[in-house]
Structure formats: C-alpha cells, structure tokens
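This is what each chain is made of:
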Amino acid sequence: MHEPLTLDCAGHRLRLDRPLIMGVLNVTPDSFSDAGRFAGRESAIEHARRLVADGADIIDVGGESTRPGAESVPLATELDRVIPVIAALRTELDVPVSIDTSKPEVMRAAVAAGAGMINDVNGLRAPGAMDVAAASGAAVCVMHMQGTPRSMQERPRYRDVLAEVVAFLSGQAEALLARGVAWERIVLDPGFGFGKTLEHNVALFRGLHALVALGHPVLVGVSRKSLIGSLLGGRPVTDRLMGSVTAATLAARAGARILRVHDVRETADALAILAALGEQETGET
Ligand code: HH2
C-alpha cells in the first residue's frame, strides 16, 4: 500500500500527517444549510477569511447546490458565481481553494483562476471531466453518488453499499492513475447522503476503514446533513452542531484525512483534543 504524506494541490502541498479541515463556502442562493448567506462576493470572501482564521486548511467553493431535489444550474450562472470568488481568494488566502463542481468547463476555468483542488460529487462521470481533471495539475476529490441530486434520494438501492462504493472509487482512481495523475493528487469520498438511506450511510461510515485501506486520502462530508438529523431523532439543520462535530471526529479516528465541514472552529477544537488525548495514529488499518 502506498500512503501519501502530502496532497499536491497544483503545487501547493498539504501535509497529511493530521486530519485536514475543508471549510464549506457555498456561493449559492439555495444550499441546504446556509442558503444565500454567502451568495454576494464580498460576504463570500469575508466568510472564507473567517473559516481560515478558525482553522480551515482548504476552502471548498461551490456554485451549485447538490441538496436532494436541487435542479442543476446553467454553466454561465455557475461560472459567474464561483470564478471571481476563486480569483479573489487565491490572492487573499494562503490555503488552497477547491472548486465543488461536476462541470468540466467550470473545473477548467476554476483551475485557471487559481483553484488547487477539484471536488466532484459526480465522481468525474460527466463526459470530459476525467480528462480535464487529469490535465489540471490540481488535486482531485472523486465522490460516489448514486443517481443525480434531483433524484438520488427517491429510492437508493444497493446489494452491498460498502463494496459498491469502494469498487466505484477504486475504479475511478485507477482511471486517473492511468491518465498519469500522481497518487498524491487523488482523494476519495464515499459521498454521505448522496443516493443513500440512513442505513446505507451508517454502513458506509462503519466501513470507512475499507476505503482508507485503498491508501488514498479519504474525505468525509457529514456536516449538518440529514443523516445527523435522523440519528438525533429528527433535529432541524440549525441544531446539528454537536452531532456533526462528533461524527467528524469519529471519521478522523477511523482514518479520514480531510473533513468537509461548515463549523470549522468547533471541528478544529475536537481534532485538537483527539490529537492530544486519542490513541496514536488513526490512519493505519
Ligand atoms: N457534500 C455536499 C457538497 N459537496 N463534496 C464532497 N466531496 N463531499 C460531500 O459530502 C459533499 C460535497 C453537500 O453539502 P453542502 O455544500 O453544505 O450543501 P449544498 O450542496 O446544498 O450546497
């Protein structure tokens, strides 16, 4: 097994000897947990500064909501939302910026504007996405999703959710490697809440070690998701902080190397305690 020590974000290398925090910056009017709050450019940049001050190692900029039922956004709209923000963040921040998109055109423009990571919830399945990502020089997060955001929660079905997710992600990683992408650029994500029931999410979380065992850094995004709300007896999205932080901490404990979260400061605190008081090294299986 090959365990990378760094993640290569278009030349900006992030050390992976501790779990990293990816702060969520949604520049959308309709995201499930922070709808419209950071849709204006100035407020988006201000929020990114806050996330970095709170301990974010990467900022993930998204211009298209992927919440269940969301419609896809036209290319021009998405470009207009994210590119100026990425260009501004690139000069303002010392941390790499990630672009959360499934459109190859947005990936290309975002990397040209300074993004160091491509984060695709569609797992590079759009025509051309794999080639654009491979040629970009950026780190690439491949996420598993069954279906599309519009339909994914209608009737998710698997024979063996863990085996199917691991097989998909390792196949996409192989395809990237075959295109010459260095191991140090590939991140894998099981895609919590994307075409999965509560039972599927729980099985995936408990089986994270099988994904970690592939040797690529694993990204986990459970922050404020309905999975957390359900496990807490139907909590609304505004009341999922402790559940989200606990789940992120457990994911780190299970070997996840990147935690995609809205509540950066609280997650950083939990990881500091885990590092000080937890058992030594979490990533090995
Ligand atoms: N989850 C969301 C969006 N992007 N990317 C990765 N790699 N993993 C995730 O789990 C993930 C993701 C959904 O969360 P959010 O951005 O808060 O909401 P919305 O899609 O409504 O903007």
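Remember, it's a predicted structure, so these values are computed and weren't measured experimentally.

A. Region of interest: the environment of Ala-113. Looking at the element boundaries, Ala-113 is found in the loop between helix 3 (104-112) and strand 6 (117-120). Look at Ala-113 and you get buried, because its relative accessible area is 14%. Remark: the alpha-carbon pair of Ala-113 and Val-73, spanning 40 residues in sequence, is separated by 20 Å. Excluding its chain neighbours within four sequence positions, the residues that come into contact with Ala-113 are Ile-83, Ile-86, Ala-87 and Arg-90.

B. Examining the side chain of Arg-224 more closely. Note that Arg-224 resides in the loop between strand 9 (219-220) and helix 8 (226-231). A residue is classified by how much of its surface remains accessible, and Arg-224, at 15% relative accessible area, is buried. Within the structure, the side chain of Arg-224 is placed 2.8 Å from the side chain of Asp-263, a separation counted as a polar contact.

C. Representation of the side chain of Asp-100 in the model. Inspection of the secondary structure assignment puts Asp-100 in strand 5 (residues 97-100). Within polar-contact distance, the side chain of Asp-100 engages the side chain of Arg-260 at 3.3 Å. The residues contacting Asp-100, other than those within four sequence positions of it, are Asp-60, Val-61, Gly-62, Gly-63, Glu-78, Asn-119, Val-121 and Arg-260.

D. Structural detail: helix 10 (residues 264-277). End to end, helix 10 covers 20 Å across 14 residues, agreeing with the expected 20 Å (1.5 Å per residue, within 8%). Each element contacted by the buried residues of helix 10 is listed here: strand 3 (20-26), helix 1 (41-54), helix 9 (241-253) and strand 10 (258-261).

E. Representation of the packing of helix 5 (residues 161-178) against helix 6 (residues 198-206) in the model. Close contact between helix 5 and helix 6 brings their axes to 9 Å; oriented N to C, the two are set at 65 degrees. Regarding the angle of helix 5 to helix 6, the classification is roughly perpendicular. Two packed elements cross with a definite hand, and for helix 5 against helix 6 that hand is right-handed. Counting all contacts with helix 5, which are made through Val-161, Leu-162 and Val-165, the residues of helix 6 involved are His-200, Ala-203 and Leu-204.

F. Broad picture of the pattern of salt bridges. Under the criterion given, the structure shown has 15 salt bridges. The shortest N-O distance in the salt bridge between Asp-57 and Arg-18 comes to 2.7 Å. Highlighted residues: Asp-57 in the loop between helix 1 and strand 4 (58-62) and Arg-18 in the loop between strand 2 (12-15) and strand 3, separated in sequence by 39 residues. For Asp-57, a relative accessible area of 11% translates into the label buried. On the basis of relative accessibility, which here comes to 42%, the residue Arg-18 falls in the partly exposed class. Salt bridges linked by common partners bring Glu-46, Arg-49 and Glu-92 together as one network.

G. How the structure looks around unusual backbone geometry. Phi at Ala-10 is positive, roughly 55 degrees, even though this residue is not glycine. Within the fold, Ala-10 resides in the loop between strand 1 (6-9) and strand 2. In this structure, Arg-224 is a non-glycine residue whose phi angle is positive, near 60 degrees.

H. Seen up close, the nonpolar core. Counting residues in hydrophobic clusters, the biggest one holds 67 residues, and the most contacted among them are Ile-59, Val-61, Ile-86, Leu-89, Leu-124, Val-220 and Leu-259. Per-element accounting of this core gives the leading share, 7 residues, to helix 5. The residues contacting Ile-59, other than those within four sequence positions of it, are Gly-23, Leu-25, Ala-48, Leu-51, Val-52, Leu-89, Leu-93, Val-95, Pro-96, Val-97 and Ser-98. Of all hydrophobic cores here, the second largest spans 13 residues; its members include Leu-14, Leu-16, Ala-139 and Ile-258.

Conventions and cut-offs
- Residues numbered from 1 in each chain as written.
- Predicted model: local features only at pLDDT ≥ 70, side-chain atom pairs only at ≥ 80, totals over all residues.
- Heavy atoms only, no water.
- Helix = DSSP H or I, 4+ residues; strand = E, 2+ residues; numbered from the N terminus.
- Buried < 20%, exposed > 50% of the residue type's maximum accessible area, 1.4 Å probe, protein only.
- Contact = heavy atoms within 4.5 Å.
- Polar contact = N/O pair within 3.5 Å; in protein donor to acceptor, adjacent residues only side chain to side chain.
- Expected span 1.5 Å × (residues − 1).
- Axes fitted to C-alpha atoms, helices over the stretch in contact; angles between N-to-C directions.
- Parallel < 35°, antiparallel > 145°, perpendicular 65-115°, else oblique.
- Left-handed = near helix turned anticlockwise from the far one by under 90°.
- Salt bridge = Lys/Arg side-chain N within 4 Å of Asp/Glu carboxyl O.
- Core = buried A, V, L, I, M, F, W, Y, C linked by side-chain atoms within 4.5 Å.

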